[in-house]
Amino acid sequence: MARLRIELVKSIIGRKPNHIATAKSLGLKKMHDVVEHNETPELKGKLAQISYLLKIEEVQA
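Please read all numbers here as calculations on a predicted model, not as lab measurements.

A. Layout of the pattern of salt bridges. The full count for this structure, using the stated rule, is five salt bridges. In this structure, Glu-36 and Arg-3 form a salt bridge, with 3.6 Å as the shortest nitrogen-oxygen distance. Placement of the pair is Glu-36 in strand 2 (residues 34-38) and Arg-3 in strand 1 (residues 3-8), with a sequence separation of 33 residues. Judged by its relative accessible area of 33%, Glu-36 falls in the partly exposed class. For Glu-57, the salt bridge identified is with Lys-55, shortest N-O distance 3.8 Å. Classification of Glu-57 as partly exposed rests on a relative accessible area of 35%.

This is the structure in structure tokens:
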């Protein structure tokens, strides 16, 4: 399974409530927070929903 490094590059202030909840469910609370997750179908759906707020990189293990 691939690992993804996800960074919040745009603010969640003023966004739709479900987009804010999605960002927080990923562990992203404020700008420039970085988290790593395993790539799963559920994660891909979350990333697709708020892709305009994120920078996503694949991490080599």
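B. Broad picture of the nonpolar core. Counting 13 residues, the largest nonpolar core has Ile-6, Leu-28, Leu-47 and Leu-54 as its most contacted members. In terms of residue count, strand 1 provides more of this core than any other element does, three residues in total. Setting aside residues no more than four positions away along its own chain, Leu-54 makes contact with Ile-6, Glu-7, Leu-8, Val-9, Leu-28 and Leu-47.

Here is what the cut-offs are and how they apply
- Residues numbered from 1 in each chain as written.
- Predicted model: local features only at pLDDT ≥ 70, side-chain atom pairs only at ≥ 80, totals over all residues.
- Heavy atoms only, no water.
- Salt bridge = Lys/Arg side-chain N within 4 Å of Asp/Glu carboxyl O.
- Helix = DSSP H or I, 4+ residues; strand = E, 2+ residues; numbered from the N terminus.
- Buried < 20%, exposed > 50% of the residue type's maximum accessible area, 1.4 Å probe, protein only.
- Core = buried A, V, L, I, M, F, W, Y, C linked by side-chain atoms within 4.5 Å.
- Contact = heavy atoms within 4.5 Å.

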